[in-house]
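Observations on the model geometry
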Amino acid sequence: MQIYLARNNQQAGPYTLEQLNQMLASQQVLLTDLIWHQGMTEWKALGELTHGQFVYQPQGYVPPTQLHQEVQNPSYQNSTIQKVTVNKAASSSELASIGSRILAKVIDLLLWLPAFALPSFFFNHDQQGQLLALQHNLQAADTSNQMTQLQKELFTLIPMEAWAAMALYIFIMLVVQAIMIAKSGQSIGKKLARIKIVDANNNGPVSLFRAFTLRSVLFIFLTALLFPFINIFDFAFGLHKKRQTLHDKLAKTIVIKN
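Residues numbered from 1 in each chain as written. Predicted model: local features only at pLDDT ≥ 70, side-chain atom pairs only at ≥ 80, totals over all residues. Heavy atoms only, no water.

1. Digging into the overall build of the protein chain
Selection rule: Numbering of helices and strands starts at the N terminus; helices are DSSP runs of H or I of at least 4 residues and strands are runs of E of at least 2. Throughout, a contact is declared for two residues whenever any of their heavy atoms are within 4.5 Å. All accessibility values rest on the Shrake-Rupley procedure with a 1.4 Å probe; residue burial counts only the protein chains present in the view.
Scanning the protein chain from N- to C-terminus turns up twelve helices and seven strands. In the protein chain, once contacts between residues fewer than 6 apart in sequence are set aside, the share between residues at least 24 apart is 64%. Within the structure as shown, the protein chain displays about 16000 Å² of accessible surface, and the carbon and sulfur contribution to it stands at 60%.

In structure tokens:
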């Protein structure tokens, strides 16, 4: 098997699988480097194929019985390296449409609604009556002071068990979304919309901090505080040719079709 690597628009190789794994172990090759070998239809980030591990084991590959080749250091500065435009990976990866991104965002937001519905399961008959009265009064309130006072009464009406259930649901949702994004660059909404998050420079995998903490957690709080203005402002950035929203630019990511 002849394996080719590329970094910063420069190509190196060919290497054998054994050489590649030795260079991975010594960190001469990075998981963000692009890789191509026979049987692949496009360049891909090495970390995407190894699932974040420092060993590559292609399915169905049978290693040779003897190997007498000296491992070369792919410094990407050697005179034997050919400069190539590795925009194959970028060009073969189609940017996700604004519509599919909005769909994914709506699905992810809808998944938070059960957290706000949970308190209703903890109300007894009398509390349900009080809740309906408070909701009616909130709709009829004509001053901010009245609304603030009624909201305080509403919060005190919710039992502690309901607050605990809400917190547990939110925690579980955050963990599930974090695991999915770390594994495939896809939240639940993005998986259903068939799009995923990748690095803006090389279309490779993105760290959990960038893909989840910066893109998701931070904007969950901003959405809660500034809805819907932050969402409109955020997606206005997506009208650019690279379709990078504000949280994409912050995390240096793009969203492509899966």
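Text resumes after the structure shown.
2. Some words on the side chain of His247
We count it as follows: Exposure is judged per residue with a 1.4 Å probe applied to protein chains only, and the accessible area is read against the type maximum: over 50% gives exposed, under 20% gives buried, and values in between give partly exposed. Any N or O atom pair separated by 3.5 Å or less is treated as a polar contact, with the protein-specific requirement of one donor-capable and one acceptor-capable atom, and with residues adjacent in sequence counted only for side-chain atom pairs.
Here His247 lies in helix H12 (residues 246-251). Classification of His247 by relative accessible area gives buried; the value is 3%. Only 3.3 Å separates the side chain of His247 from the side chain of Arg215, close enough to count as a polar contact. Aside from chain neighbours lying at most four places away, what touches His247 is Arg101, Arg215, Phe219 and Asp234.

3. Re helix H11 (residues 229-236)
Filter applied, for reference: Arc definition: directions from the helix axis to the C-beta atoms.
All of the buried residues in H11 are Ile230, Asn231, Asp234 and Phe235. Down the axis of H11, the buried set is contained in an arc of 120°. They therefore lie on one face. Exposed and oriented more than 90 degrees from the buried face of H11 are Phe229 and Ile232. Summarising the contacts, the buried residues of H11 are in contact with helix H4 (98-110), helix H10 (208-226) and H12.

4. Description of the nonpolar core
Selection rule: Definition of nonpolar core: a set of buried residues of the types Ala, Val, Leu, Ile, Met, Phe, Trp, Tyr and Cys, connected through side-chain atoms within 4.5 Å.
Among the nonpolar cores identified, the biggest contains 14 residues, and Ile3, Leu5, Leu20, Leu24, Val29, Ile35 and Leu46 are the most heavily contacted of them. Tallying contributions element by element places helix H1 (residues 17-25) first for this core, with four residues. Ala96, Ala178, Ile195 and Phe212 belong to the second-largest nonpolar core, a separate cluster that totals eleven residues.

5. Things to note about the environment of Phe123
Looking at the element boundaries, Phe123 is found in the loop between helix H5 (113-117) and helix H6 (125-140). Residue Phe123 is classed as buried on the basis of its relative accessible area, which comes to 10%.

6. With respect to the layout of surface pockets
A water-sized probe, rolled over the atoms, reveals where empty space remains. Selection criterion: Detection works on a 1 Å grid of protein atoms alone, calling trapped sets that fit a 1.4 Å probe cavities and calling open sets with protein on both sides within 12 Å along at least five of seven lines pockets, with lining residues defined by an atom within 4 Å of a point. Grid points are joined across faces, edges and corners, and a volume is the space filled by probe spheres set on the points. Asp, Glu, Lys and Arg are counted as charged, while Ala, Val, Leu, Ile, Met, Phe, Trp, Tyr, Cys and Pro are counted as nonpolar; the rest, among them Gly, fall into the polar class.
By volume, the largest pocket amounts to about 1100 Å³. Along its surface, the largest pocket is lined by 39 residues, and Leu109, Trp112, Phe116, Ile220 and Ala224 are the ones closest to its centre. Going through the elements one at a time, H4, H5, helix H7 (144-157), helix H8 (160-184), H10 and H11 are the ones with two or more residues in the lining of the largest pocket. Its volume calculated, the second largest pocket comes out at about 500 Å³. For the second largest pocket, the lining is made up of 26 residues, of which Gly47, Glu48, His51, Lys183 and Pro205 are closest to its centre. Taken together, the elements giving at least two residues each to the lining of the second largest pocket come down to helix H2 (46-50), H8 and strand S6 (195-199). Taken together, the residues of the lining of the second largest pocket break down into ten nonpolar, 13 polar and three charged.

7. Re the pairing of strand S7 (residues 253-257)
Going by this rule: One bridge is not enough; two strands pair if DSSP finds at least two bridges between them.
By the criterion of burial, S7 is predominantly enclosed, with four of the five residues buried. Here S6 pairs with S7 via five bridges, running antiparallel. Residue Ile195 lies in a different strand from S7, and its bridge partner there is Lys257.

8. Considering empty space enclosed by the protein
If you walk through the whole model with that rule in mind, you get one cavity of 30 Å³ or more. Computed from the structure, the largest cavity encloses a volume of approximately 40 Å³. The wall of the largest cavity is formed by Arg101, Ala104, Lys105, Lys190, Phe235 and His247. Examining the composition of the lining of the largest cavity, we find that three residues originate from one element, H4, more than from any other. Across the lining of the largest cavity, the residue classes break down as two nonpolar, one polar and three charged.

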